[in-house]
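# Residue-level structural notes
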Amino acid sequence: MVRSVPPRWLLGLVLLTCLPETAPAAAPAKRPNIVVIFSDDHAYQAISAYGDPRKLLDTPNIDRLATGGVRFDRCLVPNSICGPSRATLLTGKYSHANGFYNNTNSTFDGSQPTFPKLLRTAGYQTAVVGKWHLVSDPTGFDHWHILPGQGQYYNPPMIRDGQKVRHDGYTTDLITDFSLEWLKARDKSRPFLLMCQHKAPHREWEPAPRHLGHDKDRTYPEPDTLFDDYTGRGVAEKTQDMTIAKTMTPKDLKLTPPPALSPEQRKPWDAYYDPRNKAFQAAKLGGKDLVRWKYNRYMHDYLGCVKAVDEGVGRMLDYLDREGLAETTIVVYASDQGFYLGEHGWFDKRWIFEESIRTPLLVRWPGVAKAGAVAGDLVSLLDLAPTFLEAAGLPVPADVHGKSLAPVLTGRTPADWRKSFYYHYYEYPGPHSVRRHYGVVTDRYKLVHFYGPGVDYWELFDRKTDPRELTSVYEKPEYAAARKELTAELARLRTDLKVPDPDPPETITGPKKGPAKP
Ligand code: CA
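Residues numbered from 1 in each chain as written. Predicted model: local features only at pLDDT ≥ 70, side-chain atom pairs only at ≥ 80, totals over all residues. Heavy atoms only, no water.

### With respect to the overall build of the protein chain
In terms of helices and strands, the protein chain carries 13 helices and 15 strands. Over its C-alpha trace the protein chain gives a radius of gyration of 23 Å, about what one expects of a compact globule, namely 24 Å for 518 residues. Overall, the protein chain is about 75 × 65 × 45 Å in size when its C-alpha atoms are taken along their principal axes. Looking at the protein chain as a whole, 60% of its 518 residues are labelled buried. (Helix = DSSP H or I, 4+ residues; strand = E, 2+ residues; numbered from the N terminus. Rg over C-alpha atoms; globule rule 2.2 N^0.38 Å. Buried < 20%, exposed > 50% of the residue type's maximum accessible area, 1.4 Å probe, protein only.)

Here you go:
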């Protein structure tokens, strides 16, 4: 179904914002500008507005969006990994519908409809700056200036409208600089879409020189599952390769410096890390003490990267304020998925489990989003494309899986809003060895099927009694009714969403197709 009739909230917005006393009655609806600040692997636990009990750091600028807009507490991703999430953001569709299943060999088909393309056709100026990670060149943008592949934290090679360029500086700062440059040079008579997409705080978590030592050698509170032994769960959880204890490399741990540093950047780097690394080597830590040291080093580095992202958000919001654009611009902050900050002994993502599937989402939309509100509804990155299309007064294509968040933002979630969510992870064999799995998530439960070579089992988690998802209750008789209901719901979702069964050949992981990595 194509929704062509403007909903009541939109008419209200038009009346509120576009028909000042002097405007002629026939004035066209003023379409909001859209700024999407999309970071990479930013855990909600590392945003102060989300109130993590560890109080890991302050993010005063990102928090401005929570104060001025809506904080979503259950924004779920359909496939918790970088490229697939980016494809979902652009299309509003699951991986099996947009064709981008994994980071290993998928290439985004840029000929398919995306929301930037539709906005551009409707007269928006469009730009994407920063991490892209979809292999093919961006389509639907007047301007693009992207990192090749994962990009690097220092002195990044980039591709600007098809031309290879190289910049000096810290990548997070540069992405904000280039985003603001584009905004300043825009055609002020037309609305704009800017996608400012940070590489940070993706592995290997390399902070800016000014943020080295930001935590004053703090000892971070540990998550109570730092030494999880995966009892109560199956072989997938026990055989992954993403633990702080065993998987982190010397580069992750800054025992070796990143090769991209210039001699000038290397000085503060060595001044910070060298004495600490020497003390670490001398201490000859082992067992849990070694894991604790790694955890604290990881937190310093990861959170240092987040600090630069937060400052970039502040610069963007300040610009919108100074230019008088704040009232007419939707600002979204989100990450491509969640991330583990030591919970279950892990870093990385990929799982249906909470720290991975749940991504931060903050939406400021003056006149629509209720300032300071918190929404617990099951929403998704799937929902952003239809939200932006609706904001621009455009129809949402019938095959888009997401739904506009506009009614949720106003605080009036429709009675028929989704009560269950389908999840599917495909990248196995692959980095971190997380098995393929799919499942259904509700407010309370998760039912999940792990499958693939040598693996075929089900798990059920009751987040009400087991919020850390430590013990599967799939076999427990008292959960038989819940299991039956969720099994039926999962089957319904797979049918409705037309999930291919078995997995199609495109999901086979292997060498990446498409242009070679620059
Ligand atoms: Ca990511």
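From this point, the narrative continues.
### A short note on the coordination of the calcium ion
Protein ligation of the calcium ion involves Asp40 (OD), Asp41 (OD), Cys82 (SG), Asp336 (OD), Asp336 (OD) and Gln337 (OE1), the donor distances falling in the range 2.1 to 2.7 Å. Its six donor atoms give the calcium ion angles of 52 to 159 degrees at the centre, a pattern that matches the irregular case. Taken in sequence order, the residues that donate to the calcium ion follow the motif D-D-x40-C-x253-D-Q. Note that aspartate 41 is positioned in the loop between strand 1 (33-39) and helix 2 (60-68) and glutamine 337 in the loop between strand 8 (329-335) and helix 10 (354-357), a separation of 296 residues in sequence. The class of aspartate 41 is buried, set by a relative accessible area of 1%. (Donors = N, O, S within 2.8 Å, 3.2 Å for Na, K, Ca; no water. Tetrahedral: all angles 85-135°; square planar, octahedral: opposite > 155°, others 65-115°.)

### Brief notes about the sheet that holds strand 13 (residues 437-442)
Pairing within the open sheet is antiparallel, and its four strands lie in the order 12-13-14-15. Looking at the sheet topology across the chains shown, the edges are occupied by strand 12 (420-425) and strand 15 (455-462). Averaged over all neighbouring strand pairs, the angle between strand axes comes to 10 degrees, with direction disregarded. Alignment of strand 13 against strand 14 (residues 445-452), held across five bridges, turns out to be antiparallel. Each bridged residue has a counterpart across the sheet, and for valine 441 the counterpart in strand 14 is lysine 446. (Pairing = 2+ DSSP bridges. Axes fitted to C-alpha atoms, helices over the stretch in contact; angles between N-to-C directions.)

### With respect to the domain arrangement of the protein chain
Under the domain assignment, the protein chain is made up of domain 1 (220-298) and domain 2 (422-507). Each of domain 1 and domain 2 has a C-alpha centre, and these two points are 31 Å apart. Contacts between the two partners involve 15 residues from domain 1, matched on the other side by 14 residues from domain 2. Between domain 1 and domain 2 lies a buried interface of about 990 Å² when both sides are counted; carbon and sulfur atoms form 55% of it. Inspection of the domain 1/domain 2 interface yields one salt bridge. Its salt-bridge partner being arginine 468, residue aspartate 224 comes within 2.9 Å of it at the nearest N-O pair. (Domains from an automatic or database assignment. Contact = heavy atoms within 4.5 Å. Buried area = accessible area lost by both parts, 1.4 Å probe. Salt bridge = Lys/Arg side-chain N within 4 Å of Asp/Glu carboxyl O.)

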